[in-house]
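# Observations on chain architecture
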Amino acid sequence: MIVIEELSAAGFAPYGVALGLAAGDDRRASEQPAWFSHPSDFWQEHEFRTGTEATQILWVIYRNADPAITQLEAHTMTEQALLPLTGEVIQIVAATGADGRPEPASIRAFRLRPGQGIVMSPGCWHATRIPQQPATCAMLTRSSTTRDLISHLSQGAPLAESRIAPVNIRLQVSLNEG
Ligand SMILES: NC(=O)N[C@@H](O)C(=O)O
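Residues numbered from 1 in each chain as written. Predicted model: local features only at pLDDT ≥ 70, side-chain atom pairs only at ≥ 80, totals over all residues. Heavy atoms only, no water.

If you check an unreviewed UniProt entry, the chain appears there as Ureidoglycolate hydrolase from Paracoccus aurantiacus. Under the UniProt heading Subunit (unreviewed entry), the note attached to the chain is "Homodimer." (UniProt positions renumbered as here; feature names shortened; annotations may be inferred.)

Around the ligand sit Leu58, Tyr62, Glu73, His75, Gln80, His126, Met139 and Leu149, and those are all the residues in its vicinity. Between an oxygen atom of the ligand and a side-chain N or O atom of Tyr62, the distance comes to 2.8 Å. Within the contact set of the ligand, an oxygen atom lies 3.1 Å away from a side-chain nitrogen or oxygen of His126. For the ligand, whose free accessible area comes to 260 Å², the fraction covered by protein is 82%. Elements supplying a minimum of two residues to the shell around the ligand: strand 5 (55-62) and strand 6 (68-75). Split into classes, the residues belonging to the shell around the ligand amount to four nonpolar, three polar and one charged. (Near = heavy atom within 4 Å. Polar contact = N/O pair within 3.5 Å; in protein donor to acceptor, adjacent residues only side chain to side chain. Areas by Shrake-Rupley, 256 points an atom, 1.4 Å probe, with all protein chains shown as cover. Helix = DSSP H or I, 4+ residues; strand = E, 2+ residues; numbered from the N terminus. Nonpolar A, V, L, I, M, F, W, Y, C, P; charged D, E, K, R; others polar.)

Turning to the pairing of strand 10 (residues 117-120), a few remarks are in order. Taking every second residue as pointing to the same face, both faces of strand 10 are buried, with Gly117 and Val119 on one and Ile118 and Met120 on the other. Examined bridge by bridge, strand 2 (residues 16-19) and strand 10 share four bridges and lie antiparallel to one another. Bridging across to strand 10, Leu19 finds its partner in Gly117. The sheet contact formed by strand 7 (residues 80-84) and strand 10 spans three bridges and is antiparallel. By the bridge assignment, Ala81 is partnered in strand 10 with Val119. (Buried < 20%, exposed > 50% of the residue type's maximum accessible area, 1.4 Å probe, protein only. Pairing = 2+ DSSP bridges.)

See the structure below:
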């Protein structure tokens with residue numbers, strides 16, 4: 001049973017970068033490019049990398065609330081960012097084990113709230129669930145990875161830029177679950 005954790009920079013570090021958590025003072029103290037003024041602040045959270053292919057913005061609507069996860073997906077050529085817009089999502093992540101499959105001991109689940117986000121490192125195994133209501137998210141990914149995924153999903157073509165692995169995971173969705 002996997003407990004759903006609140007997102008934290010340290011907790012997500014093995015899988016990528018947590019976004020939207022820096023407190024005001026931390027933003028101002030950062031060495032990263034930033035500007036702070038009365039009308040608006042902007043600061044760099046991450047420089048997104050998609051290798052030699054174009055970076056793509058996807059709008060994604062997640063509707064799956066099933067606490068049982070039977071497969072994880074990993075994109076091998078690019079980072080992937082997920083930014084909840086209209087509601088919370090639960091991101092299940094895992095590192096790769098010595099056998100090249102998701103490492104069971106590394107499986108964790110993080111609650112992503114609007115205003116937060118994550119950047120998953122290339123190869124980060126993942127699946128997404130919603131706690132209740134469907135949620136629209138912005139996703140940054142790699143155009144060729146999306147084309148490759150769609151051809152697999154729609155025509156069964158072999159994956160070139162992603163991997164899918166079977167798993168047997170169950171999220172703890174209530175306190176009285178063991
Ligand atoms: N488009 C795309 O890559 N989607 C998946 O990675 C996903 O996690 O939804």
